[in-house]
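So the chains spell out like this:
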Amino acid sequence: MISALLPNYARADLAFERGEGAWLWTVDGRRFLDFGSGIATASLGHAHPHLVKAIAEQAAKVMHTSNLYRIPQAERLARRLVDVTFADSVFFCNSGAEANEGMIKMMRRATSDAGKPERYRVICFEGAFHGRTLATLAATGNPHYLEGFGPVVDGFDHVPFNNMNAVRDAIGPQTCGIIVEPVQGEGGIRPADLQFLRDLRAVCDEYDIILGMDEVQSGMGRSGKLFAHEWSGIAPDIMSSAKGIGGGFPLGAVLATERYAKALKPGTHGTTFGGNPLACAAGNAVLDVMLEPGFLEDVERKGRVLRGELDAVARDFPSVFAEVRGLGLLLGLKCVVPQGQVQAACVAEGLLALTAGDNVLRLAPPLVVTDSDIAEGVALLRRAAAKVAAAASSKAAAQ
Ligand SMILES: *Cc1c(COP(=O)(O)O)cnc(C)c1O
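The paragraphs below set out a description of the structure included in this document. None of the values given here were measured: they were computed from a predicted structure.

### Structural notes on helix α11 (residues 295-316)
Part 1 of the argument: For α11, with 22 residues, the first-to-last C-alpha span of 32 Å sits near the 32 Å given by 1.5 Å per residue.
Part 2 of the argument: Restricting attention to buried positions, one finds in α11 the residues Phe-295, Leu-296, Val-299, Lys-302, Gly-303, Leu-306, Leu-310, Ala-312, Val-313 and Ala-314.
Part 3 of the argument: Each element contacted by the buried residues of α11 is listed here: α10 (277-290), β13 (321-327), β14 (330-335), β17 (360-363) and α13 (371-398).

### Notes on unusual backbone geometry
Part 1 of the argument: Positive phi is not limited to glycine here, since Ser-37 has a value of about 55 degrees.
Part 2 of the argument: We note that Asn-359 has phi near 55 degrees; this positive angle belongs to a residue other than glycine.
Part 3 of the argument: Locating Asn-359 in the fold gives a position in the loop between β16 (354-356) and β17.

### As for the site of the ligand
Part 1 of the argument: For the ligand, the full set of nearby residues is Ser-95, Gly-96, Ala-97, Asn-100, Phe-129, His-130, Gly-131, Glu-181, Asp-214, Val-216, Gln-217 and Lys-243.
Part 2 of the argument: In the environment of the ligand, an oxygen atom lies 2.7 Å from a nitrogen or oxygen atom belonging to the backbone of Ala-97.
Part 3 of the argument: Within the backbone of Phe-129, one N or O atom sits 3.1 Å away from a nitrogen atom of the ligand.
Part 4 of the argument: With the chains in place, 81% of the 390 Å² that the ligand exposes on its own is no longer accessible.
Part 5 of the argument: The element contributing the most residues to the shell around the ligand is helix α4 (residues 96-113), with three residues.
Part 6 of the argument: For the shell around the ligand, the per-class residue count stands at three nonpolar, six polar and three charged.

### A word on the sheet that holds strand β1 (residues 16-20)
Part 1 of the argument: Reading across from one edge, β1-β2-β3-β15 is the order of the four strands in this open sheet, with mixed pairing throughout. The open sheet terminates on both sides in strands that have one partner only, identified here as β1 and β15 (351-352).
Part 2 of the argument: Taken together, the four bridges between β1 and strand β2 (residues 23-26) define a ladder with antiparallel strand orientation. By the bridge assignment for β2, Phe-16 is matched with Thr-26.
Part 3 of the argument: This element, α13, spans β2, β3 (31-34) and β15 of the sheet and lies at about 105 degrees to β3.

### Quick notes on the nonpolar core
Part 1 of the argument: Core analysis: the largest hydrophobic core is formed by 87 residues, its most contacted members being Phe-92, Val-167, Ile-178, Leu-200 and Phe-321.
Part 2 of the argument: Beyond its immediate sequence surroundings of up to four residues, Phe-321 is in contact with Val-313, Ala-314, Leu-333, Lys-334, Cys-335, Val-336, Val-342, Leu-361, Leu-381 and Ala-385.
Part 3 of the argument: The next biggest cluster of nonpolar side chains, apart from the first, holds 22 residues, and it includes Met-103, Met-106, Tyr-260 and Ala-263.

### Here's the deal with the environment of Val-52
Part 1 of the argument: Within the secondary structure layout, Val-52 lies in helix α2 (residues 49-61).
Part 2 of the argument: Taking the C-alpha atoms as reference points, Val-52 and Asp-113, separated by 61 residues in sequence, lie 43 Å from one another.

Rules behind the numbers
- Residues numbered from 1 in each chain as written.
- Predicted model: local features only at pLDDT ≥ 70, side-chain atom pairs only at ≥ 80, totals over all residues.
- Heavy atoms only, no water.
- Helix = DSSP H or I, 4+ residues; strand = E, 2+ residues; numbered from the N terminus.
- Expected span 1.5 Å × (residues − 1).
- Buried < 20%, exposed > 50% of the residue type's maximum accessible area, 1.4 Å probe, protein only.
- Contact = heavy atoms within 4.5 Å.
- Near = heavy atom within 4 Å.
- Polar contact = N/O pair within 3.5 Å; in protein donor to acceptor, adjacent residues only side chain to side chain.
- Areas by Shrake-Rupley, 256 points an atom, 1.4 Å probe, with all protein chains shown as cover.
- Nonpolar A, V, L, I, M, F, W, Y, C, P; charged D, E, K, R; others polar.
- Pairing = 2+ DSSP bridges.
- Axes fitted to C-alpha atoms, helices over the stretch in contact; angles between N-to-C directions.
- Core = buried A, V, L, I, M, F, W, Y, C linked by side-chain atoms within 4.5 Å.

Right, here's the structure in full:
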């Protein structure tokens, strides 16, 4: 008989009761070091006092009023995001997929409003992940995720990542924009070349098409900058954010320049929950921490430390890992053995890690991870790698 909770996930048999910083405790008292952050989402770790206080205080006042009324918490969060990014205006929603839906609608509507309704197609990249709604699945383009869900939403063209010739070839009279992840997360922690991002900006300017970025995973401090595209020196026209922006509270956002943001006038788009007082209190608390002087620099420093350690682990266990890649605290170890086997070995040692496409073990510790947490995580990873390597060599010897 089907479980009461719909079994659409292959869940590990672990249930957590509480957390603190980068650590989680199961209901039966086991302790785990969390280098997954609930899929790069618990950006401030678990039970961060400032975030907990902000949510508790707001919940005790008013959680939800709807977008029929002004929401001061949302006005403040939007103003602060505008002040620290390329954007002039922000739409709040509840998830990454919803943010990307908003971005796609904004691209199409702005182009239509400019007198070019025939231009509705968006260029996306092989290995992308943009969400699980029908349009964002079409943007994702992974045939495995699309199978059995009926006609694919029209209007998305896929080209190889980091390949400017392919992008130029794909631009046609129906193209309205491009959507790129500055670091492909689910696709296997594949960073876009900085020059590729600059070339995308240039080609969008050349053809007057819209540059959209999906920073749902790469953004909100994860790369060591507030948003990963900042490393390239160029800015998108529209950008989606989610995951880390609420520190674990569901919150998403579409950030855009005025030219495109103004397309979503009253009646064109909306959401019931999006940007409610509780979610925006969480978002403001996350920003309070991330915008503290030195916070992002420290993320970058810790990312370099972890990267250096991972490079050493990969060198020491060439039968397990092929290479390390990523940016800041979004790092991937391309595996030689199946990545799930390494992940399971990590869990057995008390380390929670994620997987990603391209046979990658993905590490995304909370941005508040300490140096000693990093040292401990690397030690646990080494122990896991040693066991995987030993198992692999005894299997090879038996053959
Ligand atoms: C997770 C993710 C999404 C989807 O976010 P949801 O909140 O699961 O809808 C979209 N884009 C990227 C890059 C992501 O990592």
